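What follows is each chain in one-letter form.
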Amino acid sequence: MFFKKKAPEPIKNPVPIIKKLKISLDISYLQCGKVYTSSYSYDIVGDNAVEMETNSRKILDTLELAISNIYTQLNDKTSEYIFIEEQSFILNKKDFLNCNITKRIID
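The notes below deal with the structure included here. (Residues numbered from 1 in each chain as written. Predicted model: local features only at pLDDT ≥ 70, side-chain atom pairs only at ≥ 80, totals over all residues. Heavy atoms only, no water.)

**Description of the overall build of the protein**
So the rule is basically this: In DSSP terms, a helix is any run of H or I states spanning at least four residues, a strand is any run of E spanning at least two, and both are numbered starting from the N terminus. Relative accessibility decides the category of a residue: with a 1.4 Å probe and only protein chains considered, values under 20% of the type maximum give buried, values over 50% give exposed, and everything between is partly exposed. Note on contacts: a residue pair qualifies if any of its non-hydrogen atoms lie within 4.5 Å across the two residues. Surface accessibility in these figures is a Shrake-Rupley result with a 1.4 Å probe; residues are shielded only by whichever protein chains are displayed. Neither His nor the chain ends is counted toward charge; the positive residues are Lys and Arg and the negative residues Asp and Glu. The location of each charge is read from NZ of Lys, CZ of Arg, CG of Asp or CD of Glu.
Of the regular secondary structure elements, the protein holds one helix and five strands. When its helices and strands are written in sequence order, the protein yields β-β-α-β-β-β. Summarising its shape, the C-alpha atoms of the protein cover approximately 95 × 25 × 20 Å along the three principal directions. Here the protein, with 107 residues, has 29% of them falling under the buried criterion. Taking contacts inside the protein between residues at least 6 apart in sequence as the whole, the part at least 24 apart equals 56%. Carbon and sulfur atoms form 55% of the exposed surface of the protein, whose accessible area is close to 8,500 Å². Both charge centroids of the protein, one from 15 positive and one from 14 negative side chains, sit 11 Å from each other.

Structure follows, in structure tokens:
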């Protein structure tokens, strides 16, 4: 008598894997001769990859628009200051160093 072995069924993960993502706008500037960085960040938490990508794309678009606005203000010669709406932050143009978007996965 021969018995056929059944293939083992794959183990289903009953708990969804939750992913965490942090996206931030980092602005570097001088104050009293020292370099400082101001960060404005968003946290995205979810278990659906499509939803995570959609939410992160919306935030990235918003932050890219903010960077574009900063550089537009830098090129405007009528004012000495930059106003960063997302942070309600006013900065003297001569103190501005850099701004960038940071995207990282949180464990």
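**Considerations on the sheet that holds strand β2 (residues 34-46)**
Rules: The pairing criterion for strands is at least two bridges between them, as found by DSSP. Axes here refer to lines fitted to C-alpha atoms; in helices the fit is confined to the stretch in contact. Angles between the N-to-C directions go from 0 to 180 degrees.
Pairing within the open sheet is antiparallel, and its three strands lie in the order β2-β1-β5. Of all strands in the sheet, those bounded by a partner on one side alone are β2 and β5 (96-106). Adjacent strand axes in the sheet meet at a mean angle of 15°, parallel and antiparallel pairs treated alike. Looking at chain direction, strand β1 (residues 19-31) and β5 are connected through 10 bridges and run antiparallel. Looking at β5, one finds that Ile23 is bridged to Lys103.

**Looking at the packing of aromatic side chains**
The line we're drawing: Two rings from Phe, Tyr or Trp (for Trp, the six-membered ring) form a pair when their centres sit within 6.5 Å of each other. Planes less than 30 degrees apart are called stacked, planes more than 60 degrees apart edge-to-face, and all others tilted.
Scanning the model with the defined rule gives four aromatic pairs in all. With centroids separated by 6.1 Å and ring planes inclined at 25°, the aromatic side chains of Tyr29 and Tyr36 adopt a geometry described as stacked. Tyr29 gets classed as buried once you look at its relative accessible area, which sits at 12%. Taken together, Tyr29, Tyr36 and Phe89 form an aromatic cluster joined through their ring pairs.

**A few points about the nonpolar core**
What tends to happen in soluble globular proteins is that the nonpolar side chains get buried as a cluster. What counts is decided by this rule: Among buried residues, those of type Ala, Val, Leu, Ile, Met, Phe, Trp, Tyr and Cys that are joined through side-chain atoms within 4.5 Å constitute a nonpolar core.
Ile23, Ile27, Ile70 and Phe96 are the most contacted members of the largest nonpolar core, which totals 20 residues. Only β1, α1 (49-75), β3 (81-84), β4 (89-92) and β5 provide two or more residues apiece to this core. Tallying contributions element by element places α1 first for this core, with eight residues. If sequence neighbours within four positions are ignored, Ile23 has contacts with Tyr40, Ser41, Tyr42, Ile44, Ser56, Ile59, Leu60, Leu63, Ile101, Thr102 and Lys103.

**Overview of the pattern of salt bridges**
Basically, it comes down to this: Each reported salt bridge corresponds to a side-chain nitrogen of Lys or Arg within 4 Å of a carboxyl oxygen of Asp or Glu.
Taken as a whole, this structure holds three salt bridges when the rule is applied. Salt-bridge contacts for Asp43 lead to Lys22; the nearest nitrogen and oxygen are separated by 3.4 Å. Residue Asp43 is located in strand β2, and its partner Lys22 is located in strand β1; the two are separated by 21 residues in the primary sequence. Each of Arg57, Asp61 and Glu64 takes part in a single network of salt bridges with overlapping partners.

**Details of a nonpolar patch on the surface**
Short version of the rule: Two joining distances apply to patches: 9 Å for like charges and 5 Å for nonpolar side chains (Val, Leu, Ile, Met, Phe, Trp, Tyr), and every residue must have over 30% relative accessible area and no salt bridge.
On the surface, a nonpolar cluster with roughly 330 Å² of combined accessible area is contributed by Tyr81, Phe83 and Ile90. In this structure, Ile90 sits in strand β4.

**Section: the side chain of Asn92**
Counting through the fold element by element, Asn92 comes out in strand β4. Classification of Asn92 by relative accessible area gives buried; the value is 17%. Setting aside anything within four residues of it in sequence, one finds Asn92 in contact with Glu80 and Tyr81.

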